[in-house]
Amino acid sequence: MPDDIRPDDRYEHIDPSPDVSDEVKTTTCYMCACRRGIRVHLKGGAIRYIEGNRDHPVNKGVLCAKGSAGIMQHYSPARLSQPLRRVGPRGSGEFEAISWDEALQTAEDWLGSVRRTDPRKLAFFTGRDQSQSLTGFWASQFGTPNHAAHGGFCSVNMAAAGIYSIGGSFWEFGEPDWENTRYFMMFGVAEDHDSNPIKTGLGKLKTQGQAKFVSVNPVRTGYSAIADEWVGIRPGTDGLFVMALIHELLRNGKVDLEYLARYTNAHWLVRKAPGTAEDGLFVRDANGNPIAYDRNTDQLVDATQTDIAPAMRGSFPLHQATPGDGGAGGEAVPAFQLVLDRYLDGRYSPDAVAGETGIDADNIRRIAAELAHAAFEQEISLDVAWTDWAGNKHDKIVGRPVSMHAMRGISAHSNGFQTCRAIHLLQMLLGSIDCPGGFRYKPPFPRPAPPGPKPAGKPDQVSPGSPMVGPPLGFVTGPEDLLIDSAGQALRIDKAYSWDAPMAAHGMMHTVIRNAWAGDPYPIDVLFMFMANMSWNSSMNTSETIEMLTDTDPETGEYKIPKIIYADAFQSEMVAYADLILPDTTYLERWDCVSLLDRPICSADGPADAIRQPVVAPDRDVRPFQDVLIDLGARLGLPAFVSETGDPRYRGGYPDYLVHHERTPGVGPLAGWRGADGETHGVGQPNDDQLSRYIENGCFWSDEFAPDERYYKHANRAYLERAAKMGWIASPDPIVHQLYSEPLQKFKLAGQGFGAVVPPARYRDRIVEAFDPLPLWYQPFEDDHTDAQAYPIRALTQRPMAMYHSWGSQNAWLRQIHGWNPLYMNRKTAEDHGLVDGDRVLVESPYGSIRAQIALMEGCNADTVWTWNAIGKKRGAWNLSDDAPESTKGFLLNHLITDLLPPKDGYRFTNTDPITGQAAWFDLRVRVIKDDSRAADIDAEATTPRAPGVSKAPARSRYGAQFLPKSSWRRKRGGSPS
Amino acid sequence: MHPAYSVIFFTTASSTGYGALIWLVILAGTGATTPTFAFGAVTFVIALGLITAGLLSSTFHLGHPERAWRALSQWRSSWLSREGVAAVVTYVPALVFAAGWLLLGTVEGIWLWVGILAAILSAATVACTGMIYASLRAIPRWSNPLVVPLYLGFSLSSGAILMVTLAAIFGMTPGIWAWIAAAATALTWAMKKAYWRHIDTAAPTATAESATGLGEIGKVRLLESPNSSANYIMREMGYGIARKHAARLRTISMVTGALVPIVALVLAGFLGGMPALAAVVLALLGTAIGVLVERWLFFAEAQHSAMLYYGASDV
Amino acid sequence: MTSLPANPGTKKLGLVIDLDICVGCHACAVNCKEWNTGGHSAPLTDENPYGADPLGVWFNRVHTFEAGDGADGRTVHFPRSCLHCEQPACVTVCPTGASYKRETDGIVLVNAETCIGCKLCSWACPYGAREYDHADGVMKKCTLCIDRIENQNLPEEDRVPACVSTCPASARHFGDLGDPDSAVSRLVEERDGYDLMPEMDMAPVNKYLPPRAPARENPAMQAPALAPETPETEAEDGFLGWVDRMLSR
Ligand SMILES: Nc1nc2c(c(=O)[nH]1)N[C@H]1C(S)=C(S)[C@@H](COP(=O)(O)OP(=O)(O)OC[C@H]3O[C@@H](n4cnc5c(=O)[nH]c(N)nc54)[C@H](O)[C@@H]3O)O[C@H]1N2
Ligand SMILES: Nc1nc2c(c(=O)[nH]1)N[C@H]1C(S)=C(S)[C@@H](COP(=O)(O)OP(=O)(O)OC[C@H]3O[C@@H](n4cnc5c(=O)[nH]c(N)nc54)[C@H](O)[C@@H]3O)O[C@H]1N2
Ligand code: SF4
Ligand code: SF4
Ligand code: SF4
Ligand code: SF4
Ligand code: SF4
Ligand SMILES: [Mo]
């Protein structure tokens, strides 16, 4: 090439166009749970480079720090390489290698006997699972209700509050309308599952420069750093702040009444008959339809009609003639009247909440004014005609461009469900849900609030040797749906859907070990876990959890939790506590599926799903867990996994299942290229060629909504019809926002003693208080128990953007960024404590103490300390050296968090939200004391030996040298994969 | 800056060697000594030995010592290259001068001129060394007009003391030469004091605010380092010594490197025989320690502007 | 030739980094490492990768600063790599000529075949932008991805540095800062892009865009205050009257 001769060649000749790779394969990233499309460049069989897939609907070519470090994860020296059987005591990390035949036989024996006798004695919990539609189905086929994944300790408050309120939620199930929004409020987000889209969106929003971005967060880092306004709120008080905003908006009439009447249940009449079983329930007519007062006709009418002028306030006497009165009498008020009654009260005024939230009252007033201004003075109108569910045609799509997003800073508190509902209430009042410039649903949401089905697991639904009739997880609508026995005791091992956590939509993985150890509500035989580091960072109260895992029955000498099977790809902390290890592949070695039945990757503008394909073959004796599960399903004879003749149904393992499994006729794990000709999307016959069609398309399928389907999805006829056709919703009925939540009221009534299913006495107060049909705020539970004087500071964790929970620390590149974690503290607070930057301190909660080194900052709420999550490691885990900073300097905050609250009338409630059972990680209170002693940290006490087949970690990594020309001296200096 | 031992050894050993060489030429040129074989042999071996050992040690810290010859190529712009060229070139007149002295027993006429050339090149080499540091804007305290004179001063004063000591060993009475060495030492350390005063008081050249450009918002502080363990830059440039320690070490270096040698040399000028020898040996020992400590501090006290990105507030 | 090019071309390739939208995610840093460890400068050695004090070669690093005091201050994420200076001391101090600045596009590079590993260039760079590879014994640094930006084996849109193509926030821009009409030059012009440590006289090519003060003229921030809380507005038709008024419109 003539290009090659340039003046610079006298310095050095450089080929500007070297070959990058011999081959590029697309697949889906799994350096975290966000599932971006990637292109993997291979050279000489090794991974040269991983980049974002430009065509992918989610990441559009970008890749985060973790995704960019995939090479180091794939070649990690902590990878497990063969099945293992424990030989030493639990926790010792002493294993022997066994064959897969032996491993599977052992699992089959253990599980088979459980299934034949009492399937509930299997607790199958699957952590960071992305194949929940398979694992949940497997559990149901096995016949155990004891299944869930990580949602309960993750963000179920966010999911449940959203689904019960608006039929969709923040988390990764919705997104702001980045293009059109004029005011964006973010509550308690450090990173999120939607991390790259959020970054892209914020970049766009700020570059366009038309919107204001407000971040409400006790800590000013990450996204909060680029916010136009940072609101450094005191943890756990967002509910009050939001209600003060609502107070201001209501007081000034800055509320979209039309939106409320059209899309919410604000005008539905609620019966006021205190002391009766009907109190607080909607008044319904004979057909079960809610009633409103029509001001045009002065009649009580079906509230779901569109041609009425419903009263939004007032009070209407109920009498015999009232449709559906049922004779209870009393009076009825529109739900909105209750909203007015509650939030106009002076205790929600900015001045009243300023002290508790730590936010200046004037700032609250100003933010309320800005919200009102953005919503009502900057209306967005798109020139797109659309038709609503009732057939009314609109020639424009009009929106109130205020958007919100919230995540674990809201949900990981014991008042998180109600706080999250408060945010949804604020959105409803502003009329900004799924409108231009507002928060937008991603399909398959919205769904009815709440959607079916209900959780299976009632006594008559569980029997030896047979599947359950339904899925173990679902949505309850009242006490009658709970999984409790006649004495009110929990039926699930995690006590989900019991009075401890009635609306535990995602289960409660964080209570399993404690309950299994205590045999409460009953002992189990096998604990089978996948992809969750439960002896470490995903456990509240890590130290006691370790004790429970290793505790034995003094009489028999048997472990309290008799058998533990665990599937991990790496030598995590949890491995040492299991009896049988099923080693998984890395994400680049297996088939996987990101299904619409599970946690989808859709955008607000269209559905999408994706697969993972093996891009390199495993070089170890490991198997994809999904293959193993399907194999076990066949061995155990689970009906869906065997043919009529009893042979394995999916001989081709997971890829076979992905293509051929049908959940309901025509609906399988993958929505793209279905049907005999492969041209149907959504519902259609299995297509043998489906996976190759995915691969041809870059390993994903995506579709785009027509412009008129993109907004007001909860009430948009074109959208609803499409959604019904795709099988996302049962029928194209509108989805009504639940401003007032009747299911919550039903539980409250039960707490008051009404109804057939009522809680045992010790639950009553707590149910009555928390289950309020309108959002309310109460102190995080820790505050009731912990002396605020003695433990004055709140302690939080945040996700580091460049690290994924515990599993990033084995990554040679990522651990250079976060090899240990300081405790960050407000500079002023530190001064008051007599502390200076870099001091070593003791951090104490009523439940434990740890050592840390402090780092001072300005952008931190004065009553808050925080650290990066899950950096601290147990010595020896992850094949890190014994002196690795992760175990010598880093610390795990979880040692200070309790999983149980102190006893109340002899019973210890879990440290969770009383409604959903969401782990209340961020309620923690601590004190910080200067401490120079260098005594060993708990984290560093014992070391774990390398498991058989895990080789010694190299002292130097020269990854990449192998791609140099053979003649290069740099290549000769060594270039083995890490 | 990280005080690397090879660099400390190089700068002190070769500079003393060059200084000794210069004084040898001066002694010869002034007729203060006659070119006796034994004295010449020992002195040349020691002076050229120190120079050579220093130069060799400086190649030890290279990643590719076998390519060291390449360092001679960029004399047009690089002081390090110039230093290398000067060092290599110096050997030619130095060895010719040594040959005249040792083989022909002459240091006169053309031989002296060759010696003077060697002395000038020696001084130039030392000045180049000084310029390497003085030209680094990134280390503001080094880009200071005193650095080159200081390097020359230390070379000449420690070279003088070495020379006087060797001469005394060979039975010469130090006399005025001891006082000249004392004066050189005094002058050098006076400059060093001025240097310290300068680095203690000079206004910062760059600040965390100018390094980040964020000064308009307010005071700039590092919140998070890009990596939680020290990287190359932090290890190489991030060496910081506490003021308290620096002050103590400065005193040690002044006492051992200035006070002890000056007193000993002044006395030596009055003495003869063994007492004089003892005095100059004491001066040499003192200066060796003093200069090593001084050189260590030269690096350890220097702040590199890159550290503004790692928590330093100004340099 | 370690001296700077006598006749530098007009082209000055470089990066423009927008501190206003950088969220500090480290994607650019890790992606840079990933690309370059197998690229022109391969490998970017990591010493002690699984032990205490890991020490790796990185061409791009992301710092986080706080500017200003108390709650009024700001947190600013600050990615930093070689600035491809127009007057780079790292080049002029180099005794071997291994360090050089290209005439055609101004990229500053190290020739790994001639570098002796004396480290002087790293002392000379005020920005700490050079990285010594102990295993290879040579200095390495950001190459501005010379093996990408003109690589005919890559699709056109991928011919930008790895750090630029991966940045999720689009906080990084690549282009010719010598061309006043280029997109990057215009961005610098519009946003008051600035040089780091101008007092060092290196004339860096890379520019930084400052964090914007909240745009007070932004309509979202122009909201008139809501009515103050007074007994009057709380009277029956003061604060509830609006419900009826709005409904009867
Ligand atoms: N203090 C505090 N604690 C918290 C949180 C917090 O904010 N603060 N957050 C909570 C939340 S939201 C969550 S989701 C949890 C997360 O905590 P975990 O669910 O424990 O998540 P990870 O640490 O990512 O570990 C999951 C396990 O998956 C394994 N793994 C990784 N890749 C694979 C693979 O390909 N196959 C298999 N089989 N295994 C693999 C890893 O080795 C690791 O052992 O932590 C919770 N804990
Ligand atoms: N890089 C990376 N990405 C991840 C993960 C990871 O480990 N690493 N994990 C994934 C997982 S499992 C999850 S669940 C998501 C979670 O994503 P996030 O919800 O972003 O998770 P956290 O890091 O827990 O962030 C909680 C934020 O809330 C703030 N906060 C705490 N208490 C309060 C409060 O009372 N009020 C307010 N307003 N804010 C508060 C904290 O300061 C913190 O910024 O991230 C996912 N994405
Ligand atoms: S956020 Fe990062 S690690 Fe997670 S899937 Fe996306 S690119 Fe991969
Ligand atoms: S990738 Fe972009 S947003 Fe992330 S740290 Fe780098 S410049 Fe900042
Ligand atoms: S930033 Fe440093 S390494 Fe890069 S050109 Fe400038 S002086 Fe040289
Ligand atoms: S380390 Fe290499 S590039 Fe740097 S100055 Fe020395 S020879 Fe030149
Ligand atoms: S331009 Fe290339 S080498 Fe330079 S920082 Fe960006 S990715 Fe790294
Ligand atoms: Mo999570």
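Conventions and cut-offs
Residues numbered from 1 in each chain as written. Chains lettered and ligands numbered in written order. Predicted model: local features only at pLDDT ≥ 70, side-chain atom pairs only at ≥ 80, totals over all residues. Heavy atoms only, no water. Helix = DSSP H or I, 4+ residues; strand = E, 2+ residues; numbered from the N terminus. Buried < 20%, exposed > 50% of the residue type's maximum accessible area, 1.4 Å probe, protein only. Areas by Shrake-Rupley, 256 points an atom, 1.4 Å probe, with all protein chains shown as cover. Lys, Arg positive; Asp, Glu negative; His and termini not counted. Charge placed at Lys NZ, Arg CZ, Asp CG, Glu CD. Contact = heavy atoms within 4.5 Å. Buried area = accessible area lost by both parts, 1.4 Å probe. Salt bridge = Lys/Arg side-chain N within 4 Å of Asp/Glu carboxyl O. pLDDT = per-residue confidence, 0-100. Domains from an automatic or database assignment. Polar contact = N/O pair within 3.5 Å; in protein donor to acceptor, adjacent residues only side chain to side chain. Nonpolar A, V, L, I, M, F, W, Y, C, P; charged D, E, K, R; others polar. Pairing = 2+ DSSP bridges. Axes fitted to C-alpha atoms, helices over the stretch in contact; angles between N-to-C directions. Near = heavy atom within 4 Å. Phe/Tyr/Trp six-rings, centres within 6.5 Å; stacked < 30°, edge-to-face > 60°. Lys NZ or Arg CZ within 6 Å of the ring centre and 35° of its normal. Patch = residues over 30% accessible without salt bridge, like charges linked within 9 Å, V, L, I, M, F, W, Y side chains within 5 Å.

K.L.:
In this structure, what is going on with the overall build of chain C? I would like to understand it.
P.N.:
Scanning chain C from N- to C-terminus turns up seven helices and 11 strands. In terms of overall dimensions, chain C has C-alpha extents of about 85 × 50 × 40 Å along its principal axes. The buried share of chain C, reckoned over its 249 residues, is 69%. A total of about 7,800 Å² of accessible surface is found on chain C, and carbon and sulfur atoms cover 51% of it. If the 22 positive side-chain charges of chain C are averaged to one point and the 37 negative ones to another, these points end up 6 Å apart.

K.L.:
Help me understand the interface of chain B and chain C in this model?
P.N.:
Note: interface size is frequently given as the accessible area lost on complex formation between the parts. Counting residues at the interface gives 59 residues for chain B and 60 residues for chain C. When the two sides are added together, the surface that chain B and chain C hide from each other amounts to roughly 4,800 Å², 60% of it contributed by carbon and sulfur. When the area that chain B buries against chain C is broken down by residue, the three leading residues are Arg137, Tyr232 and Tyr309 of chain B, summing to 15%. The tally of links between chain B and chain C comes to two salt bridges.

K.L.:
Mind showing me how you'd approach the pattern of salt bridges here?
P.N.:
By the definition in use, this model includes 84 salt bridges over all chains. A salt bridge links arginine 220 of chain A to glutamate 66 of chain C; the nearest nitrogen and oxygen atoms lie 3.2 Å apart. Of this pair, arginine 220 of chain A sits in the loop between β10 (212–216) and α8 (222–225) while glutamate 66 of chain C sits in strand β4 (residues 60–67), which puts the two residues in different chains. Classification of glutamate 66 of chain C as buried rests on a relative accessible area of 1%. A salt bridge links glutamate 370 of chain A to arginine 366 of chain A, with the nearest nitrogen and oxygen atoms 3.2 Å apart. In this pair, glutamate 370 of chain A and arginine 366 of chain A both sit in helix α13 (residues 361–377), four residues apart, roughly one turn of the helix. Looking at glutamate 370 of chain A, the relative accessible area reads 3%, which means it is buried. Residue classification places arginine 366 of chain A among the partly exposed residues on the basis of a relative accessible area of 28%.

K.L.:
Honestly, the side chain of arginine 128 of chain A in this entry has me stumped. Any pointers?
P.N.:
With respect to the helices, strands and loops of the structure, arginine 128 of chain A is situated in the loop between β6 (122–125) and α4 (132–142). Excluding residues within four positions of it along the chain, arginine 128 of chain A makes contact with Tyr30, Ala33, His150, His193, Phe530, Met531, Tyr804, His805 and Trp807 of chain A.

K.L.:
Can you walk me through the confidence of the model for chain C in this structure?
P.N.:
Of all residues in chain C, 94% attain a pLDDT of 70 or more, and the chain-wide mean is 93. In the model output, the complex is listed with pTM 0.97 alongside ipTM 0.97.

K.L.:
Explain the domain arrangement of chain A here, please?
P.N.:
Residues and elements named next belong to chain A. Taken domain by domain, chain A comprises domain 1 (84–151 + 459–702), domain 2 (156–256 + 344–441), domain 3 (783–940) and domain 4 (950–978). Placing the centre of domain 1 and that of domain 2 at their C-alpha centroids yields a distance of 35 Å. Contacts between the two partners involve 13 residues from domain 1 and, on the opposite side, 13 residues from domain 2. Here domain 1 meets domain 2 over a buried area of about 1,100 Å², counting both sides, of which 57% is carbon and sulfur.

K.L.:
Whenever I open this one, the interface of chain C and chain A confuses me. Can you help?
P.N.:
In this assembly, 101 residues from chain C lie in contact with 105 residues from chain A. Summed over both partners, the interface of chain C with chain A comes to about 8,600 Å²; 52% of that surface belongs to carbon and sulfur atoms. When the buried surface of chain C facing chain A is broken down by residue, Glu34, Tyr50 and Leu226 of chain C rank first, second and third, together holding 11% of it. The interface formed by chain C and chain A contains eight salt bridges. Between chain C and chain A we count 53 residue pairs in polar contact (both at pLDDT 80 or more) in total. Split into classes, the residues belonging to the side of chain C that touches chain A amount to 46 nonpolar, 29 polar and 26 charged. The sheet contact formed by strand β35 (residues 956–957) of chain A and strand β2 (residues 46–47) of chain C spans two bridges and is antiparallel. Paired with arginine 956 of chain A across the two strands is glutamate 47 of chain C, which belongs to β2 of chain C.

K.L.:
Quick question: what am I supposed to make of the sheet that holds strand β1 (residues 220–224) of chain B here?
P.N.:
In a beta sheet, neighbouring strands pair by backbone hydrogen bonds and run either parallel or antiparallel. The three strands lie next to each other as β1(B)-β4(C)-β5(C), forming an open sheet whose pairing is antiparallel. Two strands bound the open sheet, and with one partner strand each, they are β1 of chain B together with β5 (74–81) of chain C. If you compare each strand with its neighbour and ignore which way they point, the axes differ by 40° on average. In this fold helix α1 (residues 27–37) of chain C packs onto β4 and β5 of chain C, with an angle of close to 165° to the strand it touches most, β4 of chain C.

K.L.:
Which parts of the structure should I look at to understand the pairing of strand β27 (residues 608–612) of chain A?
P.N.:
Residue and element names in this part refer to chain A. Along β27, five of the five residues are buried, which leaves the element largely enclosed by surrounding structure. Burial of the side chains of β27 extends over both faces: Ala608, Ala610 and Arg612 are buried on one face and Asp609 and Ile611 on the other. The sheet contact formed by strand β26 (residues 592–594) and β27 spans three bridges and is antiparallel. Bridge pairing links valine 594 to alanine 610 in β27.

K.L.:
Would you take a moment to explain the site of ligand 3 for this structure?
P.N.:
Residues and elements named next belong to chain A. All residues adjacent to ligand 3 are Cys29, Met31, Cys32, Cys34, Arg35, Arg36, Leu63, Cys64, Lys66, Gly67, Ser195 and Asn196. At the level of secondary structure, the elements contributing two or more residues to the shell around ligand 3 comprise α1 (65–68) and α7 (195–208). Among the residues making up the shell around ligand 3, the classes are represented as six nonpolar, three polar and three charged.

K.L.:
I'm lost on the packing of aromatic side chains in this one. Help?
P.N.:
By convention here, two paired aromatic rings are described through the distance between centres and the angle between planes. Under the counting rule described, the total for this entry stands at 72 aromatic pairs over all chains. Seen from their ring centres, tryptophan 189 of chain B and tryptophan 196 of chain B are 6.4 Å apart, and the 55° between their planes marks the pair as tilted. Tryptophan 196 of chain B sits in the buried class, given a relative accessible area of 5%. These aromatic residues form a ring-pair network of at least three members: Tyr133, Trp142, Tyr151, Tyr195, Phe298 and Phe299 of chain B together with Trp123 of chain C. Directly above the aromatic system of phenylalanine 909 of chain A lies the positively charged group of arginine 766 of chain A, at a separation of 4.0 Å from the ring centroid. The ring centre of tryptophan 35 of chain C lies 4.6 Å from the NZ or CZ of arginine 148 of chain C, which sits over that ring.

K.L.:
Please clarify how the site of ligand 4 should be interpreted in this entry.
P.N.:
The local shell around ligand 4 holds 13 residues, among which Cys22, Cys25, His26, Cys28 and Cys167 of chain C are the closest. Classifying every residue of the shell around ligand 4 gives 10 nonpolar, two polar and one charged.

K.L.:
Sorry if this is basic, but what is going on with a nonpolar patch on the surface here?
P.N.:
Residues and elements named next belong to chain B. Taken together, the side chains of Ile176, Trp179, Val255, Leu259, Val263, Val266, Leu267, Phe270 and Leu271 define a hydrophobic patch exposed on the protein surface, amounting to about 810 Å² of accessible area. For the nonpolar patch, the element with the most residues is helix α9 (residues 243–270), which contributes six residues. With respect to the secondary-structure elements, tryptophan 179 resides in helix α6 (residues 176–201). Using a relative accessible area of 34% as the deciding quantity, one classes tryptophan 179 as partly exposed.

K.L.:
Would you mind going over a negative patch on the surface with me for this structure?
P.N.:
A surface patch of negative charge is lined by Asp15, Asp19, Asp22 and Glu23 of chain A. For aspartate 19 of chain A, the location among the structural elements is in the segment before β1 (23–28).

K.L.:
Please clarify how the pairing of strand β1 (residues 13–18) of chain C should be interpreted in this entry.
P.N.:
Put simply, side chains in a regular strand alternate between the two faces of the sheet. Residue and element names in this part refer to chain C. The element β1 is largely enclosed, with a buried count of six among its six residues. The side-chain alternation of β1 yields two buried faces, one formed by Leu13, Leu15 and Ile17 and the other by Gly14, Val16 and Asp18. In the sheet, β1 pairs with strand β10 (residues 172–176) via five bridges, with the strands oriented antiparallel. Looking at β10, one finds that isoleucine 17 is bridged to arginine 172. In this structure, β1 lies alongside strand β11 (residues 207–209), joined through three bridges in parallel fashion. Counterpart to aspartate 18 in the pairing with β11 is leucine 209.

K.L.:
Please clarify how the sheet that holds β26 of chain A should be interpreted in this entry.
P.N.:
Residues and elements named next belong to chain A. Strand order in the open sheet made by the three strands is β26-β27-β28, with antiparallel pairing throughout. Here the strands that pair on one side only, and so sit at the sheet edges, are β26 and β28 (700–702). Ignoring strand direction, the axes of neighbouring strands in this sheet form an average angle of 10°.

K.L.:
What exactly am I supposed to notice about the side chain of threonine 11 of chain B here?
P.N.:
Residues and elements named next belong to chain B. Among the structural elements, threonine 11 can be located in helix α1 (residues 5–29). A polar contact is formed between the side chain of threonine 11 and the side chain of arginine 295, at a distance of 3.2 Å. Those residues within four positions of threonine 11 in sequence are excluded, and the remaining contacts are Thr129, Tyr133, Tyr151 and Arg295.

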